[in-house]
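Topology and contacts: notes
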Amino acid sequence: MKAESRLESVLDNQFFTVTAECGPPRGADPEVIRKKAGLLKGCADAFNITDNQTSVVRMSSIAAAVILMQQGLEPIMQMVCRDRNRIAIQSDILGASALGIRNILCLSGDHQKFGDHPTAKNVFDLDSIQLIQTVKQMRDESKFISGEEIKSPPRLFIGAAENPFADPFELRVVRLAKKVAAGVDFIQTQCVFNLDKFEQWMRMVCDRRLDENVYILAGVTPLKSLGMANYIKNSVPGMDIPDELINRIKGVPKEKREEEGIAICVESIERIKKIKGVKGVHIMAIEWEEKVKEIAKRASLLPRPEV
Amino acid sequence: MIIAKRKPIEKILSMIAPHRKVLVVGCGGCVTVCSAGGENEVRILSSALRMAQAKEGYEVEVQETTIERQCDPEYIEPLRKFVGEVDAILSMACGAGVQFVAEKLKNIAVYPALDTSFIGVTEEQGVWTERCHACGDCKLDRTAGICPIARCSKSLLNGPCGGSVKGKCEVNPEIDCGWQLIWDRLKMMGLEKRFEEIIPINDWSTSRDGGPRKIVREDLKL
């Protein structure tokens with residue numbers, strides 16, 4: 001075991017793994033996290049805590065991850081390269097490990113243009129691949145980026161994201177290969193709505209036998225409304241929602257659209273389970289945490305295994 | 001070259017508001033080529049200042065001159081004769097020129113008429129785009145001659161982020177995705193394998209992170 005995280009055990013023991021997402025609040029109230037923890041407990045094996053997602057200032061991912069742990073849930077601390085240089089990144093990695101956090105998700109980070117402080121200066125001292133290398137070197141070689149020795153190395157299971165739907169498509173598998181070469185342990189993909197394209201991507205992943213060297217979890221997001229579906233389709237870069245999905249939501253009366261969104265999500269999970277090389281799902285119910293249990297249950301993912 | 005653009009006239013007017021005798025100084029270097037601060041632009045700005053101030057009901061004496069370059073001391077020297085004759089200098093050079101004129105002439109107010117934008121190229125008549133961040137350690141040999149530091153909005157060194165769509169950057173559809181350009185050119189040259197190499201963590205100490213930079217060439221010193 002690299003980090004002795006629960007997530008690592010579930011994956012190592014070949015269970016079809018479930019992760020979910022928990023966004024920290026835009027304030028200092030820990031109750032918001034505790035309430036979300038109550039809704040999410042038992043629904044997944046580990047829970048992502050986003051790091052100032054979409055460049056909007058929120059409670060720090062380390063703090064929110066610790067609050068989640070106090071509720072008995074295992075966090076996956078997200079870390080972006082946008083806001084910290086290598087000094088702050090390594091310092092936060094040590095701090096997170098000291099606090100008992102055992103999973104990290106290494107991300108470049110959305111550009112600050114999309115957030116609530118578009119006039120901010122960004123950092124990007126490292127990119128996401130170099131961040132993976134950094135955590136791995138710190139954990140496995142007990143060395144800082146500088147090469148100096150770490151007395152007590154951090155213990156973290158290393159994750160990263162990949163977007164099979166961004167361009168250039170042919171580069172998406174190669175980029176995954178770079179992340180694997182950098183030492184990533186697990187991958188969570190961007191939300192999968194276009195299953196045909198995802199299957200095509202996974203075939204390319206398996207052709208390169210990358211699935212043998214990294215655990216891949218497919219991202220899913222329940223669509224809450226037609227407005228949300230249209231917004232994601234038209235305004236979120238790198239997202240792919242097929243027209244037939246939009247039409248399916250459009251085709252049911254307004255009051256039944258939430259249910260349709262859940263049904264689509266459950267069907268997607270059922271189909272994802274059959275795709276070669278996929279080891280689990282990552283349920284991103286954006287500000288809709290109360291539905292994660294229902295989705296997991298209907299997709300026959302509950303109860304989660306004891307490991 | 002260094003690409004700049006003129007500040008809005010209102011901003012320039014408010015900067016020089018306390019002064020009654022102003023010298024507008026153009027630069028014959030980069031800003032002449034990118035039509036921001038050469039002889040032509042000096043003439044246009046000077047007459048705009050005269051007109052605007054006449055409208056406001058006060059008179060300002062605006063003189064004009066353009067020197068070869070504002071980043072070389074010998075060309076700045078002739079400006080010295082204006083010190084005492086005018087109250088302020090409005091420099092139409094890049095930020096380096098504005099500072100060097102102020103540094104050399106010492107006892108006179110020097111104001112910037114331009115916003116210095118970037119190191120770039122003339123993509124077509126009237127269109128300039130950024131190419132270089134002057135990081136001090138050129139890596140163009142590894143990235144098919146296209147710089148990821150200057151051309152990727154996040155300066156990512158190992159490929160495009162998840163926001164690259166149809167060749168465009170998530171920040172703005174007017175911006176080409178730098179990594180799409182790099183990939184296309186690698187492919188064109190049959191160098192796809194090069195993308196698979198991980199570019200290591202960068203040494204930014206040669207960039208502005210190492211503090212203000214200096215180059216000394218002993219062989220050229222007098």
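Provided above is the structure to which this section pertains.
Let us look at the structure shown here. It should be emphasised that the depicted structure is a prediction, and the values quoted were computed from it without experimental measurement.

Calculation criteria
- Residues numbered from 1 in each chain as written.
- Chains lettered and ligands numbered in written order.
- Predicted model: local features only at pLDDT ≥ 70, side-chain atom pairs only at ≥ 80, totals over all residues.
- Buried ≥ 20, exposed ≤ 12 C-beta atoms within 10 Å, placed from the backbone.
- Helix = DSSP H or I, 4+ residues; strand = E, 2+ residues; numbered from the N terminus.
- Pairing = 2+ DSSP bridges.
- Right-handed = clockwise from strand over helix to strand, strands pointing away.
- Axes fitted to C-alpha atoms, helices over the stretch in contact; angles between N-to-C directions.
- Parallel < 35°, antiparallel > 145°, perpendicular 65-115°, else oblique.
- Left-handed = near helix turned anticlockwise from the far one by under 90°.
- Contact = placed C-beta atoms within 7 Å.
- Nonpolar A, V, L, I, M, F, W, Y, C, P; charged D, E, K, R; others polar.

1. A word on the pairing of strand E7 (residues 215–220) of chain A
All names here are of chain A. Taken across its 6 residues, E7 has 6 buried, putting it largely inside the fold. The side-chain alternation of E7 yields two buried faces, one formed by Tyr215, Leu217 and Gly219 and the other by Ile216, Ala218 and Val220. As defined by bridge partners, strand E6 (residues 186–191) adjoins E7 across 4 bridges and the pair is classed as parallel. Following the sheet pairing, glutamine 188 is matched in E7 by leucine 217. Read as a crossover between parallel neighbours, the route from E6 over helix H7 (residues 195–207) to E7 is right-handed. Bridge count for E7 against strand E8 (residues 278–283) is 5 bridges, and the pairing is parallel. Bridge pairing in E8 places valine 220 opposite isoleucine 283.

2. What to know about the packing of helix H2 (residues 30–40) of chain A against helix H3 (residues 61–70) of chain A
Residue and element names in this part refer to chain A. At a closest axis distance of 9 Å, the pairing of H2 and H3 adopts a crossing angle of 50 degrees. As judged from the angle between their axes, H2 and H3 are oblique. In the crossing of H2 with H3, the sense of the turn from one axis to the other is right-handed. Contacts from Pro30, Ile33, Arg34 and Ala37 in H2 reach Ala64, Ile67 and Leu68 in H3. Split by residue class, the contact of H2 with H3 holds 6 nonpolar, no polar and 1 charged.

3. Some remarks on the interface of chain A and chain B
Taken residue by residue, the interface counts 25 residues in chain A and 24 residues in chain B. Elements represented by at least two residues in the side of chain A that touches chain B include exactly helix H5 (128–140) and helix H6 (169–182) of chain A. Top contributing element to the side of chain A that touches chain B by residue count: H6(A), with 7 residues.

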